Amino acid sequence: MLWPRRAARDLALSLALALAAGAAGAQAQVPNEPGAFEAKPKTPRLHFEVTVLHASPSPGGIDPGAERFDRLLRDTVRYESLRVVKSKQRRVKLNEIEKIELPTGRDFRFRPIDAGDRGVLVSVDWRKAARGDFRLPRGKPLILGGQPYENGQLVVILEAE
């Protein structure tokens with residue numbers, strides 16, 4: 001009886017082909033199936049705080065909002081008064097340029113380039129005062145200063161949270 005052997009062989013061959021096709025189909029995703037193409041993870045927004053200070057040789061004391069920065073600046077910048085001119089919180093994507101308008105009419109611009117365990121790598125452009133790439137460890141501020149303003153100078157503090 002050849003027929004049952006042939007049928008069994010054909011059945012085994014069909015079953016093997018069906019399993020192979022099923023395995024191949026499981027690997028190839030059909031675009032119309034839900035979840036077939038995974039969406040790219042959204043680029044996270046990074047949190048920054050930008051504080052603009054005015055340091056002046058004129059007497060006037062320390063603004064209550066600037067006390068925290070007074071401890072950071074006292075040994076490096078000479079001033080008799082320190083006040084907060086502007087403080088902004090920003091959420092910025094990687095490679096997105098953020099601009100903060102300064103009281104001088106110029107912009108302080110920064111762009112986060114990379115974020116990792118060691119902090120955030122930020123490109124800074126503050127015309128005639130500071131330009132470059134800086135790594136900001138979380139919790140450690142970047143202090144930039146020097147642009148003249150109202151008988152003193154502006155100090156920009158950039159912090160990544």
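Predicted, not measured: the structure shown is a model, and the values here were computed from it. Per chain, the residues get numbers from 1 upward, laid out in the order the sequence is written. For this predicted model, a pLDDT threshold of at least 70 governs which residues receive local features, and a threshold of 80 or more governs which side-chain atom pairs are given and counted, while totals over whole chains, interfaces and linings are taken from all residues. Each side-chain value is derived from all of the structure's non-hydrogen atoms; neither hydrogens nor water enter the calculation.

(A) Quick look at the sheet that holds strand 9 (residues 152-160). When DSSP finds two or more bridges between a pair of strands, those strands are recorded as paired. Helix numbering and strand numbering both begin at the N terminus, where a helix is a DSSP run of H or I of at least 4 residues and a strand a DSSP run of E of at least 2. Read across the sheet, 5 strands follow the order 2-3-1-9-8 without closing on themselves; strand pairing throughout is mixed. Two strands in the sheet have a free side with no partner beyond their single neighbour: strand 2 (61-62) and strand 8 (142-149).

(B) Focus on unusual backbone geometry. Of note, Asn-95 is a non-glycine position whose phi angle comes to about 65°, a positive value. Position of Asn-95 relative to the elements: it lies in the loop between strand 3 (81-93) and strand 4 (98-101). Categorising residues by exposure relies on relative accessible area from a 1.4 Å probe, with only protein chains included: less than 20% of the type maximum marks a residue as buried, more than 50% marks it as exposed, and the intermediate range marks it as partly exposed. Accessibility expressed as a relative area gives 49% for Asn-95, which makes it partly exposed. A positive phi angle is found at Asn-151, which is not glycine, with a value near 55°.

(C) Fine view of the sheet that holds strand 4. Ordered by their spatial adjacency, 4 strands build an open sheet running 4-5-6-7, and the pairing between neighbours is antiparallel. Of all the strands in the sheet, just strand 4 and strand 7 (130-136) have a single pairing partner and so form its edges. The sheet shows a mean angle of 20° between the axes of neighbouring strands, direction not considered. Both strand 4 and strand 5 (residues 107-116) contribute to a ladder of 4 bridges, which runs antiparallel. Residue pairing in the sheet places Ile-100 in a bridge with Phe-108 of strand 5. Angles run from 0 to 180 degrees between N-to-C directions of axes, and those axes are lines fitted to C-alpha atoms, restricted for helices to the stretch in contact.

(D) Structural context of the pairing of strand 8. Bridge analysis of strand 8 against strand 9 gives 7 bridges, and the strand direction is antiparallel. Bridged to Ile-143 within strand 9 is Ile-157. Connecting the antiparallel pair strand 8 and strand 9 is a turn made up of 2 residues, with Glu-150 showing a positive phi of about 40°.

(E) Structural context of the side chain of Glu-98. Within the secondary structure layout, Glu-98 lies in strand 4. Any pair of nitrogen or oxygen atoms within 3.5 Å is treated as a polar contact; in protein, a donor-acceptor pairing is required on top of that, and neighbouring residues in sequence qualify only through side-chain atoms on both sides. Within the structure, Glu-98 has its side chain in polar contact with the side chain of Arg-90 (distance 2.7 Å).

(F) Region of interest: the packing of aromatic side chains. By convention, a stacked pair of Phe, Tyr or Trp rings (six-membered ring in the case of Trp) has centres within 6.5 Å and planes under 30 degrees apart, an edge-to-face pair has planes over 60 apart, and any other such pair is tilted. As enumerated under the stated definition, the model contains 3 aromatic pairs in all. On the numbers, 6.1 Å between centres and 35° between planes, the contact of Phe-108 with Phe-110 is tilted. Of the two residues examined, Phe-108 and Phe-110, each falls in the buried class. Among the aromatic side chains, those forming a connected cluster through ring pairs are Phe-48, Phe-108, Phe-110 and Trp-126.

Take it as geometry only, folks, not as evidence of what the structure does.
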